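Below, each chain spelled out in residue letters.
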Amino acid sequence: MANVLAAAGVTPYLQFGEAQWWYFADAASMPFYDAYTQSAFQAANGPAMGMIASQNADPTAYAQECAFLPGLIGAFTQAIVTFVRQSHSNALFEVLYPPDVNNTALNKLINFPAAQWTPANLACLKTENFTYTGDRNLDLARQSIGLPMALGFPASKSSHLVGIGDYTTPWDKERRLALGAGVESVVLFALDQFCLVGIGLPLGLGGRRGRFMG
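Everything in this summary refers to the structure shown in the same document. Predicted model, so just to flag it, every value in this text is computed and none were measured.

How each quantity is defined
- Residues numbered from 1 in each chain as written.
- Predicted model: local features only at pLDDT ≥ 70, side-chain atom pairs only at ≥ 80, totals over all residues.
- Heavy atoms only, no water.
- Polar contact = N/O pair within 3.5 Å; in protein donor to acceptor, adjacent residues only side chain to side chain.
- Helix = DSSP H or I, 4+ residues; strand = E, 2+ residues; numbered from the N terminus.
- Contact = heavy atoms within 4.5 Å.
- Pairing = 2+ DSSP bridges.
- Right-handed = clockwise from strand over helix to strand, strands pointing away.
- Buried < 20%, exposed > 50% of the residue type's maximum accessible area, 1.4 Å probe, protein only.

Here the focus is helix H2 (residues 35-45). Looking at where H2 begins, the residue whose side-chain oxygen comes 3.2 Å from the main-chain nitrogen of Tyr 36 is Asp 34. The positive-phi residue at the C-terminal boundary of H2 is Gly 46, with phi of around 100°.

This part is about the environment of Val 197. Position of Val 197 among the secondary structure elements: in helix H8 (residues 191-197). The residues contacting Val 197, other than those within four sequence positions of it, are Ile 164, Gly 165 and Tyr 167.

Direction of pairing for strand S4 (residues 158-163) relative to strand S5 (residues 185-189): parallel, over a ladder of five bridges. Counted as the bridge partner of His 160 is Val 186 from S5. In this view, the connection linking S4 to its parallel neighbour S5 by way of helix H7 (residues 171-180) has right-handed handedness.

What follows covers the environment of Ala 35. Tracing the chain through its elements places Ala 35 in helix H2. By relative accessible area, Ala 35 is classed as exposed at 62%.

Any functional reading would require information beyond the geometric quantities listed.
If you want it as structure tokens, here you go:
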């Protein structure tokens, strides 16, 4: 993809989308138990990984696992960055991160490698929260929009993706909340839904009336 972008005459800009451990348990456990992960954990820590039954597990009971797992995500994304920049030194990278499905104490720890996903390493941290949009919860959507800034990313390196598939949700208010936060971009997902729902253009800015009572 970086080659395609460079050939088109633009700076390669690549996204790590959902580059995290999957968010919910299956019938048995969370998805940490492939052969590579188990062997790497045991080599680093000695004993085998504990069995984490669900995303609602208490992370204090799995201190070694919660320290190790995000490191694998960070190493994975950093390896891709290093490889791509061997051919395209100017390549930029962003992470798409969903605060809604990571809104448990465990998932917040294991799915955000804070040592690697920093403003120094990423061009942008982009949030999405389809659950909050679907639940019509603009308070939580506002928290999601503000998460990159809370993690030290300036607004110029923050972005927000809004799901627009259900026209009955307050997605447009969420869009305007993101614009009001000053993020560098607001992304509507996705074009096919935009066309099928028949959303009109241009999108409004949210008119307000005020009166001076001096």
